[in-house]
Amino acid sequence: MNSIVPAPIARQPWQMLIPLFALIAFGAAVLYSAAGGSMQPYASSHLIRFGVFLAMASVIAVMPRDFVKFMTYPAYIGVLLMLVAVEAMGFVGGGSQRWLNLGFMQLQPSELMKPVIILTLARFYDGLPVGMFNSWQAFVPAGALIGLPVLLVLMQPDLGTSLAIVFGGVVIMFLAGLPMKWFVWGAGAAAVAAPLAFFFGLQPYQQRRVTTFLDPESDPLGAGYHITQSKIAIGSGGITGKGFNEGSQSHLNYLPEPHTDFVFATMAEEWGLIGGVFVIGVFAIILSWGWKVARASQDRFARLIAGGMVATIFFYVAINLMMVMGLAPVVGIPLPFMSHGGSSMMTNMICIGALLMVNRWNRNSPKARFG
């Protein structure tokens, strides 16, 4: 078989790529249905974006380790400057100022910061002497690297992306081996600060999302409408669903954002529990492969990159699924590889590209070659 299949193709991690391609195709089918049985405007652009970003991921996958280390801090500074530019001249859409108008596309720099903060902290901890991991030098600079973009993203305002950046950063700190007592203290401080952040840090619409999450039935036609209709769509699908292109909640416009944030509800109504198990199972395959890549890494830099990228994809999946089922407030986090949206696809394909890159480093490492 090795003589028939070219080596560059045979050595690709098909155990992850085939499930990923299946998820993309399934997502296109759901978006086809969400558009009322048409490839336009969602399914076709979904597939085109995946093709473009798959090419980008392929380029990332062949990047050498030294080049990535060299470019990490400049990339962080560049994205940080773009976040500042958003505040100065950003494009306003949906009541938020989150995009830069580049002419050929609307770029959301905060999405780029999710994988970039992973690379930056991995580079930081890779260069930090082991003896400093119990000192303030391991925490304060990393906290500043996380805090600067989070503050800029909160000004947009974008709570969901801010939480994603913080989550990725904290995961890197944990994987780097910082003392556990710091995380316990941090959790305690967060619990104390949460009420203050709710009353003084959140916008009124963000506060309504939290109160609606706690009691969505209190305003089923107002603030609780999104989650109420999502639950109806998921529950009405039953075991096998209503059938492809037969979902009433999305087709009759009861379900808001059926092609983006609530695409899982659109899918569950038509494909039922069986479709939901398939989607969750595919994500489990992708994430478990990524975690194996992280565990197989021979150095701290590669291990932290892989672990952080897995955590970023996991955050997207977990928060979106909890959100559409009423287990978390609605924060505008799309479902990776299924929701219609260029920014989400870009971020998650950067994560896939980085995992492919680390997997190649692992394959070419001396221990893998001779061990």
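- As annotated in an unreviewed UniProt entry, the chain is Peptidoglycan glycosyltransferase MrdB from Altererythrobacter lutimaris.
- Turning to the chain, the UniProt record has this under Pathway (unreviewed entry): "Cell wall biogenesis; peptidoglycan biosynthesis."
- As stated in UniProt under Function (unreviewed entry), the record for the chain gives "Peptidoglycan polymerase that is essential for cell wall elongation."

1. Focus: the UniProt feature "transmembrane region" (unreviewed entry) in the chain
- Here, UniProt's "transmembrane region" (unreviewed entry) annotation points to residues 16–35, 47–63, 75–95, 159–176, 183–202, 271–289, 301–325 and 337–358.
- As annotated, residues 16–35 comprises 95% helix and 0% strand, and the C-alpha atoms at either end are separated by 29 Å.

2. Regarding the packing of helix H13 (residues 300–324) against helix H14 (residues 342–364)
- The N-to-C vectors of H13 and H14 enclose an angle of 150°; their axes lie 9 Å apart at closest approach. The angle between H13 and H14 places the two elements in the roughly antiparallel class. In this structure, H13 meets H14 at a crossing whose hand is left-handed. Of the residues in H14, those touching H13 at Phe301, Ala302, Ile305, Ala306, Met309, Val310, Thr312, Ile313 and Tyr316 are Ser344, Thr347, Asn348, Cys351, Ile352, Ala354, Leu355, Val358 and Trp361.

3. What to know about the packing of aromatic side chains
- Across all of its chains, the model carries eleven aromatic pairs by this definition.
- With a centroid separation of 5.9 Å and an interplanar angle of 15°, the aromatic rings of Tyr32 and Phe244 are classed as stacked. Residue Tyr32 is found in helix H2 (residues 14–34), and its partner Phe244 is found in the loop between helix H10 (225–236) and helix H11 (248–251); the two are separated by 212 residues along the sequence.
- Judged by relative accessible area, Phe244 falls into the partly exposed class, the value being 38%.
- When the centroid spacing of 5.8 Å and the interplanar angle of 40° are considered together, the rings of Tyr125 and Phe133 count as tilted.
- Note on Phe133: relative accessible area 6%, which makes it buried.
- Of the aromatic side chains, those joined through ring pairs into one cluster are Phe26, Tyr32, Phe244, Trp271 and Phe278.
- Across from the ring centre of Phe301, 5.3 Å away, lies the NZ or CZ of Lys69, which sits over that ring.

4. Side note on the packing of helix H5 (residues 109–126) against helix H6 (residues 140–154)
- Remark: H5 packs on H6, axes separated minimally by 10 Å, with the N-to-C direction vectors making an angle of 170°. With respect to their mutual orientation, H5 and H6 come out roughly antiparallel. For the pair H5 and H6, the contacting residues are Ser110, Met113, Ile117, Thr120, Leu121, Phe124 and Tyr125 in the first and Pro141, Ala142, Leu145, Ile146, Pro149 and Val153 in the second.
- Classifying every residue of the contact of H5 with H6 gives eleven nonpolar, two polar and no charged.

Cut-offs and rules
Residues numbered from 1 in each chain as written. Predicted model: local features only at pLDDT ≥ 70, side-chain atom pairs only at ≥ 80, totals over all residues. Heavy atoms only, no water. UniProt positions renumbered as here; feature names shortened; annotations may be inferred. Helix = DSSP H or I, 4+ residues; strand = E, 2+ residues; numbered from the N terminus. Axes fitted to C-alpha atoms, helices over the stretch in contact; angles between N-to-C directions. Parallel < 35°, antiparallel > 145°, perpendicular 65-115°, else oblique. Left-handed = near helix turned anticlockwise from the far one by under 90°. Contact = heavy atoms within 4.5 Å. Phe/Tyr/Trp six-rings, centres within 6.5 Å; stacked < 30°, edge-to-face > 60°. Buried < 20%, exposed > 50% of the residue type's maximum accessible area, 1.4 Å probe, protein only. Lys NZ or Arg CZ within 6 Å of the ring centre and 35° of its normal. Nonpolar A, V, L, I, M, F, W, Y, C, P; charged D, E, K, R; others polar.

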